[in-house]
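Summary of the model geometry
The chain contents come next:
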Amino acid sequence: MDRTQPRVRPRTDDDVEACVRALAQVHRRDGYPVNWPARPGDWLTQASGLGGWVADLDGRVAGHVSLSRSTAGDLAPVLWGERNGTGPQQAAVVGRLFVAPQARGHGIGALLMGRAVREARHRGLHPVLDVVASDTAAAALYERLGWTRLATVEQRWSVSQVVTVHCYSA
């Protein structure tokens, strides 16, 4: 089969169902997201205040990324702001990044990250993110792309759940 090159484009409402199917595959294989959301389509789209994109490969949604403003509880924007003498409002949070298992190995993660970074910079914002420390493949991708680890912190996600996360800056 002749493989086409992956293409990144803005996510549409029509893409959400395919994104949720791909996310379910990622969750089963890799445990991302750590806590499966009650409404995964909303979980994907609500974190896209500054944009959401999908990667297509062979005519199918193969990955997703979003960009949003910092919200309460986001540590990476605060850490970046402290390091640079600005506030977290100067940061944009890259999130909801995933690549469907069957589409890996085509550079899709890097393409999606590049698109989110360009959008953040276009808006005069600095891209940051956090990742669960146990997600070593994602951390390796960010480091290969030249992102800087700002800190590793414990974050309380609920009364009974504390998670170790790495905070990164582009």
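In this report, the structure presented in the accompanying data block is examined. Every value quoted in this text rests on a predicted model; they were computed, and no experiment measured them.

1. Some words on the environment of R7
Note that R7 resides in strand β1 (residues 7-10). Separated by 146 residues in sequence, R7 and V153 place their C-alpha atoms 35 Å apart. What R7 contacts, discounting residues up to four positions off in sequence, is V54, A55 and D56.

2. Comments concerning the pattern of salt bridges
Taken as a whole and judged by the stated rule, the model has 10 salt bridges. For the salt bridge of D30 with R104, the shortest nitrogen-to-oxygen distance reads 2.5 Å. One end of the pair, D30, is in helix α1 (residues 16-30); the other, R104, is in the loop between β4 (91-99) and α4 (108-122), and 74 residues separate them in sequence. The exposure class of D30 is partly exposed, given its relative accessible area of 41%. R104 sits in the partly exposed class, given a relative accessible area of 32%. For E143, the salt bridge goes to R149, with nearest N and O atoms at 3.0 Å. Looking at E143, the relative accessible area reads 39%, which means it is partly exposed. Exposure remark for R149: the relative accessible area of 37% places this residue in the partly exposed category. Within the structure, one salt-bridge network assembled from shared partners comprises R7, R9, D15 and D56.

3. Overview of the side chain of H64
Within the secondary structure, H64 sits in strand β3 (residues 60-69). At a separation of 2.9 Å, a polar atom in the side chain of H64 contacts the side chain of R11. A distance of 2.8 Å separates the side chain of H64 from the backbone oxygen of R96, its partner in a polar contact. Once residues lying within four places of it in the same chain are set aside, the contact partners of H64 are R11, C19, L44, W53, V54, R96, L97, F98 and L112.

Here is what the cut-offs are and how they apply
- Residues numbered from 1 in each chain as written.
- Predicted model: local features only at pLDDT ≥ 70, side-chain atom pairs only at ≥ 80, totals over all residues.
- Heavy atoms only, no water.
- Helix = DSSP H or I, 4+ residues; strand = E, 2+ residues; numbered from the N terminus.
- Contact = heavy atoms within 4.5 Å.
- Salt bridge = Lys/Arg side-chain N within 4 Å of Asp/Glu carboxyl O.
- Buried < 20%, exposed > 50% of the residue type's maximum accessible area, 1.4 Å probe, protein only.
- Polar contact = N/O pair within 3.5 Å; in protein donor to acceptor, adjacent residues only side chain to side chain.

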